[in-house]
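Working through the structure, step by step
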Amino acid sequence: MSQKLKLFDYFKIPKKYKTEINRKNKFVLRVLFFIALGFGLSLFIVSLLTHRESIVVGYYASYMILGAVGLLLTLIKVPNVVLQAIVLCFIEYIFTYMLGRTSVENTVITFFAFLFIYIMVMHINPFMFVAILLAYFALIPVLIKINIITTLTDKTVTFIGNLIMIILINIYLAFWKSRHFINEINRDMTLAEETEKTDLLLHNIFPQKVINQLKENGKSLPENYENVTVLFADIVDFTKTSNSLDPKIVIDELNDIFTEFDKITEKNFCMRIKTVGDAYLAVCGLPDKNEKHAEQLILCAREYISFLVHRNQTAPIKWNIRIGIDSGNAIAGIIGLKKYVYDILGSTVDTAVKMEQSCAPMRIAVSQKTYELIKDILTSKEKEGIDLINPTNEA
C-alpha cells in the first residue's frame, strides 16, 4: 500500500536501497562521462585540423576534460553526490557559454534539454540539485557584469522570464522523479515485508529445504530418509485434567509448554513435525542429514522433562509427560492439497508411539535401535531417566 509522501522522504530511504541507487547511478555517470570524452576528443581534433577559433576548440576540449576527469573519479570511488555536482556544474557551464554566443531562445531550449535528460536518467537528490541550480543562477548578474554573458541587451526581460520558467520546471521534474522513485521503494518495501511474513509462515509449517523446492518447482516430492530418530511425547492424564479446566486455560497451558518445547527442539537442531492435541511429534535427521540424530533428540527429551520439573515447582497446574523414541527410516512429505501439512510416516513413527505408551511418567523410553546409537556416547548420568524397552514385546 502506497504511503503518503513527505518533503524529506528522500533522506529516509533505507541504506540497502541507497546502495542500489548509487550502483545504478555510478553506471549511468560512467556512460555520460564516456560519451563526453568521446564527443569532446573527436570534435577537439576536428576543430584543430580545421583551424577553428580558439573559443570553439576550448569548448570541445572542456567536454574531453569533463569525460576524462569524471571517469577517473568513478575509478577512485568518489561519492556519487560529487560526480552529480560535477555534471550539473558542467551543464551550467554549457549554458553560460551558449548564453554569451547564441540567442536566448536557443540557450534556454538547450539548457532545458540537457537538464531534462539528466533528471530522467539519474536518481538525483533533488535538494542538492536545487541548491546547485539556484547557486549558479545567483551568479548570473556577476557573469553579466564582467561581460562573460554579453547578449542580453534588449531581451533581458524575456530571458529572466524564461529563466524563471526553466528553474521551476526543472525543480518540479527533480522532485517528481524523486517522489516517483520513492513510491517504487515504498512498493518494494511493502512487498518485501509481505514476502518476509509469508516466508516466516512457511518456515513455521515446512522445513527450509521444502520451502526452496516449492519456490523453485512449485511442488515438493516425498522422500525416504534412512537414518532418523523420531520422538513422540504425550502429556499424562491430559484429557482427564483438562475436562475440569476453562478452555482458555487449557490452550494457554499447551501453548506455554509446546512453545518451550519448540525452542528446545530448534536449539538442538531437531524439528517439530506436529502436535496432535496434547501429543508432540519431533524428528532429527531430516530433511537435512544429522549424524548425531539419536543423541540430539535424546538431549531434547531430557530438556523437555527438566523444563516441566522446573515449571511444576511454581505452576498451579502440574503436568507430567511420557516420551518414546525410536530410530530408523521414515518417509516425509507434504500431505493434502488444502490445509496441507508436512508429515512423517513409517514404522519408526509407530514404534516411537509404542515406546511412549510403554513408558512411565517423566521417563524416556527408547528402542533397541536408538539405544545402540547412544550407549557409547552418553555418560551414565546422562542415561538416567532413560529406559530401554523392546517394542516387539510391548506390542
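Rules of the game
Residues numbered from 1 in each chain as written. Predicted model: local features only at pLDDT ≥ 70, side-chain atom pairs only at ≥ 80, totals over all residues. Heavy atoms only, no water. 1 Å grid on protein atoms, 1.4 Å probe; cavity = no way out; pocket = protein on both sides within 12 Å on 5 of 7 lines; lining within 4 Å. Points joined across faces, edges and corners; volume = space filled by probe spheres on them. Helix = DSSP H or I, 4+ residues; strand = E, 2+ residues; numbered from the N terminus. Nonpolar A, V, L, I, M, F, W, Y, C, P; charged D, E, K, R; others polar. Buried < 20%, exposed > 50% of the residue type's maximum accessible area, 1.4 Å probe, protein only. Arc of directions from axis to C-beta. Axes fitted to C-alpha atoms, helices over the stretch in contact; angles between N-to-C directions. Parallel < 35°, antiparallel > 145°, perpendicular 65-115°, else oblique. Left-handed = near helix turned anticlockwise from the far one by under 90°.

1. Topic: empty space enclosed by the protein
- Under the defined criterion, the tally for this structure stands at 2 cavities of 30 Å³ or more.
- In this structure, the largest cavity spans a volume of roughly 60 Å³.
- Along its surface, the largest cavity is lined by Lys209, Val210, Gln213, Ser220, Leu221, Pro222, Glu223, Tyr225, Pro287, Ala332, Gly333 and Tyr342.
- Those elements that provide at least two residues to the lining of the largest cavity are α8 (208–217), β1 (223–235) and β4 (321–335).
- Take the lining of the largest cavity: its biggest share by element is 3 residues, from α8.
- The residue inventory of the lining of the largest cavity, partitioned by class, reads 7 nonpolar, 3 polar and 2 charged.

2. Quick word on α8
- Taken together, the buried positions of α8 are occupied by Val210, Ile211 and Gln213. Looking down the long axis of α8, one finds its buried residues gathered within 160° of arc, a one-sided arrangement. Relative to its buried face, α8 has exposed residues pointing more than 90 degrees away, namely Lys215 and Glu216.

3. Brief notes about the packing of helix α1 (residues 15–49) against helix α2 (residues 54–75)
- Where α1 meets α2, the closest approach of the two axes is 7 Å, and the angle between their N-to-C directions is 150°. The orientation of α1 with respect to α2, classified from their angle, is roughly antiparallel. As α1 runs across α2, the sense of the crossing is left-handed.
- Across the contact of α1 with α2, the residue classes tally to 18 nonpolar, 5 polar and 2 charged.

4. Some remarks on the layout of surface pockets
- Size it by volume and the largest pocket reaches roughly 840 Å³.
- Listed by contribution, the elements that provide at least two residues to the lining of the largest pocket are α7 (156–205), α8, α10 (247–267), β2 (271–276), β3 (279–284) and β5 (341–345).
- Here the lining of the largest pocket is built from residues that sort into 14 nonpolar, 6 polar and 8 charged.
- Empty space within the second largest pocket amounts to approximately 350 Å³.

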